[in-house]
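# Coordinate inspection notes
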Amino acid sequence: MMRTRPLKVALLGCGVVGSEVARIMTTHADDLAARIGAPVELAGVAVRRPSKVREGIDPALITTDATALVKRGDIDVVIEVIGGIEPARGLIAAAFEHGASVVSANKALLAKDSTALHALAAEHGRDLYYEAAVAGAIPLVRPLRESLAGDKVNRVLGIVNGTTNFILDKMDSTGAGYSEALDEATALGYAEADPTADVEGFDAAAKAAILAGIAFHTRVRLDDVHREGLTEVTAADIASAKRMGCTVKLLAICERAADGKSVTARVHPAMIPLSHPLASVREAYNAVFIEAEAAGQLMFYGPGAGGSPTASAVLGDLVAVCRNRLNEATGPGESAYTMLPVSPMGDVVTRYHISLDVADKPGVLAQVATVFAEQGVSIDTVRQQARNPGSGDEVTTEQGGAGRRAGGGGEASLVVVTHRAPDAALSGTVEALRKLDTVLGVASIMRVEGE
Ligand code: NDP
Ligand code: HSE
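Below is a short write-up of the structure. Since the model is a prediction, treat every value here as computed from it, not as a measurement. (Residues numbered from 1 in each chain as written. Chains lettered and ligands numbered in written order. Predicted model: local features only at pLDDT ≥ 70, side-chain atom pairs only at ≥ 80, totals over all residues. Heavy atoms only, no water.)

### Focus on the environment of Y130
Counting through the fold element by element, Y130 comes out in the loop between β6 (128-129) and α6 (141-147). C-alpha separation for the pair Y130 and D317, spaced 187 residues apart in sequence, amounts to 7.2 Å. The contacts of Y130, once residues within four sequence positions are left out, are S104, L110, H118, V141, R145, I210, I214 and D317. (Helix = DSSP H or I, 4+ residues; strand = E, 2+ residues; numbered from the N terminus. Contact = heavy atoms within 4.5 Å.)

Here you go:
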């Protein structure tokens, strides 16, 4: 039976995502009504600039008073696609207090305050859904919250930021410069209002916090996530990765410790082998692997950013939340019963690619190797490239092989790839290397994942 009285929806924000939400709500109105069991009506659209032309939206619905809209009292669902912390947080709180359920795409807010927001939703018997907050169109939040609720998730690893993947892909495949690639990602609507959130890894770290919290049934906040962006990644790193048969990706990795007593969450650039499925994730696409005890390895792949893909996730939540309202039910809330602590980055065990500028003279390799040994970090391979400025001369010496040029007086680039070691041991190694007179600089340190 179709209810004739419509469910009223307030849309907060009508930018890249909001405008697509409004478009799909209008063009698919009949299908949405049939799936929900009642029509949904756009009751108001809050924006900052009321005079901006918004195609397909009745100008009478536009308001700059978002607070008055959510407090009207007749709103069933508030869709928050403004972004940022305030006024989004206050508006969501007001929505619950005035009887509405909430659908949000706001990972920054959820990674900061989801516990308080979930508590408010529960107090008022309403839903808080946020599929669009992680990896655009890809269903991840619902599979973790619902489909895998009976399993034990041990690891979540993936590419969760479209902008940075777009930039790295362009740098790698077309040789485009960093700024040029970022401008293109921004023009395509992938980047955050302040793209620093993307390139410095804050956006991916927020998503990692959300995923880790749901996956491990604990509380993980943005500040718990170790974060490194891609601004330090150089063309030389990308070239060095290629020589190793790898590519560079900004990864989010959330893991349960082997003893099950803690978790870690981190975001950083990493080299991954070209044979790994994540290596072939191009442009603004995202992909996430989930490893669960009973299910094994699952892979989720799709468009991770952009108005229309993100609106798809928002609309999926809208349908779910509306169905719940009609059934006078609510969906899952926060599940944080394990209360597992988040361990520091130093406890993470992985492999490393370290590029050093060294004096090209006898004994340097031995000195460097000794530092690694003293810190308990085992070396897998060493590659030395002697630099002979001006001549283009490059001589490569692999570990264990005989040098083909007598070192003397110049500089060389030494690339060391390690076996798995704790991050704290690697930091100690780098600190000790910097103290060697023969180490002229640490050009780059990158983790190697996915092997
Ligand atoms: P935009 O910057 O394109 O849109 C923001 C909208 O919010 C605009 O319509 C703006 O109004 C409105 N707005 C800003 N401040 C206020 C305010 N104080 N009161 C009322 N309205 C306000 O952002 P996006 O659409 O790209 O992103 C929205 C949310 O979705 C963010 O949380 C983002 O992280 C998330 N998201 C975005 C994705 C993407 O690919 N873009 C993907 C996944 C999630 P006006 O139009 O007048 O400027
Ligand atoms: N700025 C984000 C990205 C949008 O590039 O992934 C999707 O969350």
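### Section: the sheet that holds strand β4 (residues 77-80)
Ordered by their spatial adjacency, six strands build an open sheet running β3-β2-β1-β4-β5-β6, and the pairing between neighbours is parallel. Of all strands in the sheet, those with a lone pairing partner are β3 (62-63) and β6, marking the two edges. In the sheet, strand β1 (residues 7-12) pairs with strand β2 (residues 40-46) via six bridges, with the strands oriented parallel. Directly across from A10, in β2, lies its bridge partner G44. Against the sheet, helix α4 (residues 88-97) engages β1, β4, β5 (101-104) and β6, with an angle of about 150° to β5. (Pairing = 2+ DSSP bridges. Axes fitted to C-alpha atoms, helices over the stretch in contact; angles between N-to-C directions.)

### Structural notes on the layout of surface pockets
Estimates place the volume of the second largest pocket at around 480 Å³. Around the second largest pocket, the lining comprises 26 residues; the ones closest to its centre are R155, E255, R266, V349 and R420. Counting only elements with at least two residues in the lining of the second largest pocket, the list comes to β7 (153-159), β9 (246-256), β10 (263-273), β11 (285-292) and β13 (349-360). Of the residues that constitute the lining of the second largest pocket, the class distribution is eight nonpolar, eight polar and ten charged. No fewer than three residues from each of domain 2 (141-303) and domain 3 (345-448) sit in the lining of the second largest pocket. (1 Å grid on protein atoms, 1.4 Å probe; cavity = no way out; pocket = protein on both sides within 12 Å on 5 of 7 lines; lining within 4 Å. Points joined across faces, edges and corners; volume = space filled by probe spheres on them. Nonpolar A, V, L, I, M, F, W, Y, C, P; charged D, E, K, R; others polar. Domains from an automatic or database assignment.)

### Describing the site of ligand 1
Residues in contact with ligand 1 amount to 23 residues; listed here are only the nearest, C14, V17, R49, E192 and G306. V17 is positioned such that a nitrogen or oxygen atom in its backbone is 2.9 Å from an oxygen atom of ligand 1. In the environment of ligand 1, an oxygen atom lies 2.6 Å from a nitrogen or oxygen atom belonging to the backbone of G306. Look at ligand 1: alone it shows 890 Å² of surface, and the protein chains cover 87% of it. (Near = heavy atom within 4 Å. Polar contact = N/O pair within 3.5 Å; in protein donor to acceptor, adjacent residues only side chain to side chain. Areas by Shrake-Rupley, 256 points an atom, 1.4 Å probe, with all protein chains shown as cover.)

### Considerations on the packing of aromatic side chains
According to the stated counting rule, one finds two aromatic pairs in the structure shown. For the ring pair Y285 and Y301, a centre distance of 5.4 Å and an interplane angle of 15° mean the geometry is stacked. Taken as a pair, Y285 in strand β11 and Y301 in strand β12 (residues 296-303) lie far apart in primary sequence, 16 residues in all. Relative accessible area serves as the criterion here: at 33%, Y285 is assigned to the partly exposed category. (Phe/Tyr/Trp six-rings, centres within 6.5 Å; stacked < 30°, edge-to-face > 60°. Buried < 20%, exposed > 50% of the residue type's maximum accessible area, 1.4 Å probe, protein only.)

No statement about biological role is implied by the geometric values presented.
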